[in-house]
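# Coordinates in review
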Amino acid sequence: MTTPPGRRERKKAATRQKIAETALRLFLERGYDAVGIREVAAEADVAVTTLFSHFASKEALVFEQDADFEQRLVRAVTDRAPGEPLVPALRREIHALVRHCTADSASPVWHMIASSPALRAYEESMRLRHAESLAAAMAADPDLARTSTACRTLARFTVDAYSLARESADPQAAVDEVFRMIEAAWAAT
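What comes next is a walk through the structure. From a predicted model like this one, the values you see are computed outputs, not experimental measurements.

By size, the foremost hydrophobic cluster in this structure holds 56 residues, and its most contacted members are Phe 27, Val 40, Val 62, Leu 90 and Met 138. If one sorts the elements of this core by residue count, helix H9 (residues 148–166) sits on top with eight residues. Leave out the neighbours within four places in its chain, and Leu 90 touches Leu 73, Ala 76, Val 77, Leu 134, Met 138, Leu 154, Thr 158 and Phe 179.

Below you can see the structure in the form of structure tokens.
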């Protein structure tokens, strides 16, 4: 049983959320490059040092759900039922993540990311980190018994499936198409 977060943790989470929401609003209103960190901090009514204690960089403000995304991918491996095949568990999680990121409300954010070289570069490094975490979780699972290379390959394809689906006219069909290929490759290893 998990214990509910204490007052301090709730306050930290609320401050983090307020900073992220403020930053996103300002970025969407005025453009990512036109808004500085000091402006975000002032608008969120926090010190710049407080902002940086929650977010390592300006780019991280846009990808506020980064850690959650990574944890969800890892949990798709570690929390699946005993004997449950890996690829369907990953497919389910990617479907859920794609549904979230392709909602109409997410469109302006993805447009902003696509138009910013800094945000595109940050997203790419984030995807690589997510793939490495996912690969490590797969490699640590004794039931999977695959090489490190096989785990890293599947992890990268899984993370790329999310990106490819997000850009597709039919995101859910794209996830299924990519995962048919992933399943065939995984079975061949």
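In this section: the packing of helix H5 (residues 66–78) against helix H8 (residues 117–140). Following both chains from N to C, one finds H5 and H8 inclined at 25°, their axes separated by 9 Å at the closest point. The orientation of H5 with respect to H8, classified from their angle, is roughly parallel. Seen along the crossing, H5 lies across H8 with a hand that is right-handed. Mapping the contact onto sequence places Asp 66, Phe 69, Glu 70, Leu 73, Val 74, Val 77 and Thr 78 in H5 and Tyr 122, Met 126, Arg 129, His 130, Ser 133, Leu 134, Ala 137 and Met 138 in H8. Classifying every residue of the contact of H5 with H8 gives nine nonpolar, three polar and three charged.

Take the side chain of Thr 22 next. Tracing the backbone shows Thr 22 in helix H1 (residues 7–30). On the accessibility criterion, Thr 22 (8% relative accessible area) is buried.

This brings us to helix H2 (residues 37–44). Buried within H2 we find Ile 37, Val 40, Ala 41 and Ala 44. Considered in projection along H2, the buried side chains sweep an arc of 95° and stay on one side of the axis. In this structure, H2 carries Arg 38 and Ala 42 as exposed residues pointing more than 90 degrees from its buried face. Positive backbone phi, at 60°, marks Asp 45, one or two positions downstream of H2.

Right, let's talk about the pattern of salt bridges for a bit. Side chains that differ in sign of charge can pair as their charged atoms come close. On inspection of all chains with the given rule, the structure shows 16 salt bridges. One salt bridge in this structure joins Glu 84 and Arg 92, with 2.3 Å as the shortest N-O distance. Residue classification places Arg 92 among the partly exposed positions, given a relative accessible area of 48%. The shortest N-O distance in the salt bridge between Arg 91 and Asp 176 comes to 3.7 Å. Placement of Arg 91 in helix H6 (residues 86–101) and of Asp 176 in helix H10 (residues 171–188) is noted, with a sequence separation of 85 residues between them.

Reading the values: the criteria
- Residues numbered from 1 in each chain as written.
- Predicted model: local features only at pLDDT ≥ 70, side-chain atom pairs only at ≥ 80, totals over all residues.
- Heavy atoms only, no water.
- Core = buried A, V, L, I, M, F, W, Y, C linked by side-chain atoms within 4.5 Å.
- Buried < 20%, exposed > 50% of the residue type's maximum accessible area, 1.4 Å probe, protein only.
- Helix = DSSP H or I, 4+ residues; strand = E, 2+ residues; numbered from the N terminus.
- Contact = heavy atoms within 4.5 Å.
- Axes fitted to C-alpha atoms, helices over the stretch in contact; angles between N-to-C directions.
- Parallel < 35°, antiparallel > 145°, perpendicular 65-115°, else oblique.
- Left-handed = near helix turned anticlockwise from the far one by under 90°.
- Nonpolar A, V, L, I, M, F, W, Y, C, P; charged D, E, K, R; others polar.
- Arc of directions from axis to C-beta.
- Salt bridge = Lys/Arg side-chain N within 4 Å of Asp/Glu carboxyl O.

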